[in-house]
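The primary structure of each chain is shown beneath.
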Amino acid sequence: MITNERQYKITKNQLIKMNEAINSLKSKKLQLKSDAEFFANVEIDALLSEKVNLEKQILEYEKLKSGIVNVFKGVTLAELPKILIEARIAKNLSQHKLAALVGVKEQQIQRYEAQQYSVTSFARISKIAEVLELNITEVGKFKI
């Protein structure tokens, strides 16, 4: 998942390089013998798979940044870290701005997100959700 502008730019550059590598392999493949051509096809397929993954990440980030996403859904609490990151991006808040609003350093928000909030206290997660103006509701049934 792309979480900031720096990662977005890096991913866009990776996609450009990926396309160049795919095109280069496709042109070289025409000159290869059948055994080598098989391996070239395998490599091209792997690159195409990674290309799709990068394109998906870029599209997801651009969609969030556009502001058209304003509802975030999850089925379990395990999805809350992703929702916090998506909400920050959709609110057009950089990690730096969120850090200032929460009262921590930018590096702390970067760590939280890099670790998917796994070592973040409940109080801090609650504060971040409050700053992001997230209304968390549970739809479903509890079994005891």
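Predicted, not measured: the structure shown is a model, and the values here were computed from it. (Residues numbered from 1 in each chain as written. Predicted model: local features only at pLDDT ≥ 70, side-chain atom pairs only at ≥ 80, totals over all residues. Heavy atoms only, no water.)

Colleague: Residues and numbers for the side chain of Thr120, please.
Modeller: Mapping Thr120 onto the fold places it in the loop between helix H5 (106-114) and helix H6 (122-131). Under the relative-accessibility criterion, Thr120 is labelled buried at 12%. (Helix = DSSP H or I, 4+ residues; strand = E, 2+ residues; numbered from the N terminus. Buried < 20%, exposed > 50% of the residue type's maximum accessible area, 1.4 Å probe, protein only.)

Colleague: Before we move on, could you go through a nonpolar patch on the surface and cite the residues and values that matter?
Modeller: On the surface, Phe38, Phe39 and Val42 cluster together into a nonpolar patch covering about 330 Å² of accessible area. Structurally, the position occupied by Phe38 is in helix H2 (residues 34-66). (Patch = residues over 30% accessible without salt bridge, like charges linked within 9 Å, V, L, I, M, F, W, Y side chains within 5 Å. Areas by Shrake-Rupley, 256 points an atom, 1.4 Å probe, with all protein chains shown as cover. Salt bridge = Lys/Arg side-chain N within 4 Å of Asp/Glu carboxyl O.)

Colleague: Can you tell me about the packing of helix H1 (residues 5-29) against H2, naming the residues and giving the values?
Modeller: Helix-helix packing is characterised by the crossing angle of the two axes and by the distance between the axes. The geometry of H1 relative to H2 is characterised by a closest axis approach of 9 Å and an angle of 155° between their N-to-C directions. What the angle tells us is that H1 and H2 run roughly antiparallel. Seen along the crossing, H1 lies across H2 with a hand that is left-handed. Here the contact of H1 with H2 is built from residues that sort into 13 nonpolar, four polar and eleven charged. (Axes fitted to C-alpha atoms, helices over the stretch in contact; angles between N-to-C directions. Parallel < 35°, antiparallel > 145°, perpendicular 65-115°, else oblique. Left-handed = near helix turned anticlockwise from the far one by under 90°. Nonpolar A, V, L, I, M, F, W, Y, C, P; charged D, E, K, R; others polar.)

Colleague: For unusual backbone geometry, give the residues involved together with the corresponding values.
Modeller: Of note, Tyr117 is a non-glycine position whose phi angle comes to about 60°, a positive value. Turning to its location among the elements, Tyr117 is positioned in the loop between H5 and H6. Within the chain, Glu133 stands out as a residue other than glycine whose phi angle is a positive 55°. Within the secondary structure, Glu133 is located in the segment after H6. Residue classification places Glu133 among the exposed positions, given a relative accessible area of 58%.

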